[in-house]
Every structure is written in structure tokens, then in C-alpha cells.
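Summary of structural features
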Amino acid sequence: MFAYKVNMSCNHCAEPACLPACPTGAIWKRADNGVVDIDSSLCIGCRRCEATCPFGAPQYDPTDNTVKKCNLCIDELEAGRKPYCVSACMMRVLDIGPIDQLRAGTWDTKAMVKGVDQPVRQVQHMANPELTNPSIVFIAHPKGKVEPQAEAPAAPASKASS
Ligand code: SF4
Ligand code: SF4
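Residues numbered from 1 in each chain as written. Chains lettered and ligands numbered in written order. Predicted model: local features only at pLDDT ≥ 70, side-chain atom pairs only at ≥ 80, totals over all residues.

1. A closer look at the site of ligand 1
Let me state the cut-off plainly: Proximity of a residue to a molecule or strand is defined by its backbone-placed C-beta atom lying within 6 Å of that partner. Polar here means any residue other than Ala, Val, Leu, Ile, Met, Phe, Trp, Tyr, Cys and Pro, which are nonpolar, and Asp, Glu, Lys and Arg, which are charged; Gly is therefore polar.
Close to ligand 1 lie 15 residues; C10, C13, P16, C18 and C53 are nearest. Classifying every residue of the shell around ligand 1 gives 11 nonpolar, three polar and one charged.

2. Some remarks on the site of ligand 2
Around ligand 2 lies a shell of 15 residues, among which C22, A26, C43, C46 and C49 are the nearest. A class-by-class count of the residues in the shell around ligand 2 yields 11 nonpolar, two polar and two charged.

3. With respect to the environment of L94
Heads up, the rule is: A run of H or I in DSSP becomes a helix once it reaches four residues, and a run of E becomes a strand once it reaches two; helices and strands are each numbered from the N terminus. Our exposure labels follow a C-beta count within 10 Å of each residue's own C-beta, placed from the backbone: buried means 20 or more other C-beta atoms, exposed means 12 or fewer, and partly exposed covers the counts in between.
Relative to the helices and strands, L94 resides in the loop between helix 4 (84-88) and helix 5 (99-104). Judged by C-beta crowding, with 16 C-beta atoms within 10 Å, L94 ranks as partly exposed. Sequence spacing of L94 and A111 is 17 residues, and the spatial spacing of their C-alpha atoms is 5.9 Å.

So this is what it looks like as C-alpha cells:
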């Protein structure tokens, strides 16, 4: 049997499904760094964000009737440090950086070997990234890789008339 764990605590999507679903403005996307933040003081516990997020990131907390999700440790980012999960990971498999460079595999990080590891946008059993354009990449275990979708047959090209 093969098993692996992928933490989906929030992917800070470019087109977050949770954001337009929130009726109170508790969820918003920061213009300066793209973090999808949440203000618990505005949350009324309606759980719409939980229902719309394709990745199961928002988690309802019945003890205070609010939803919780990762805000990328925004206080740490603003203090010039990395999120606690990145700092605490003893195997150095987590990192944070510009998403374009992470996708291209050019970001200097211990979490991937440049020129060897191939970052991918999706792993097995993860929702389709086309839904919300999540700002995350993975170095997938071979058994966790998602095979590329077969291209639909191209429609016959129409001839230009002269
Ligand atoms: S992963 Fe879910 S909760 Fe996080 S920004 Fe994307 S849609 Fe919203
Ligand atoms: S549970 Fe809170 S954060 Fe989520 S949609 Fe409702 S008010 Fe917004």
C-alpha cells in the first residue's frame, strides 16, 4: 500500500472560490502579496467558504462558530520572516517564494533540486487547479503524479479562401 499526506491549509489561489462566497468580507486577497487572508472577527460561521473551496482548506470551528484557515502567517511575512510551517519543517520540504519561479523550478530552495526536480501543479486526488489557479507547486512522489490529460483531437483546420 502507498500513502502520502498533502497539507491543504490554503493555496492562496489567484482566483479564490472562497472569496466571492463570503457574505461579510471576512475573506480578502491582499494586493501586495496575494495572500488570501481571513478576519475571524467578521466571520459569522455561515461555512460558505468551506463549501466552495475545492481543496477543503477552510475548517469550521464549532467552539466559536467561525471558520479558520491558513493566512500564510501574515504577521511573520510582514516581519520579514517565513511562515511557521516553513521554519519548523525539519526536512526542509516546505518553502515559500514567487510563484512564477516556483513553477519554473528556478527558485533557490532546499525543497527542490534545481534542474532535477520538476514542480507540478497537481497531485493525485487533488481538485483540478484550473478551478481556482492555486498558488502552490509540489515535487510529487512518482506514485502521486497526475498523468497529463490526453489532448482532445484537434478540429480540422479550415482552409483560408483566396
Ligand atoms: S485554497 Fe480554498 S480557501 Fe484557500 S484561497 Fe483557494 S479557494 Fe480559498
Ligand atoms: S464562514 Fe466566515 S469566512 Fe467563511 S464565508 Fe462565512 S462569514 Fe465568510
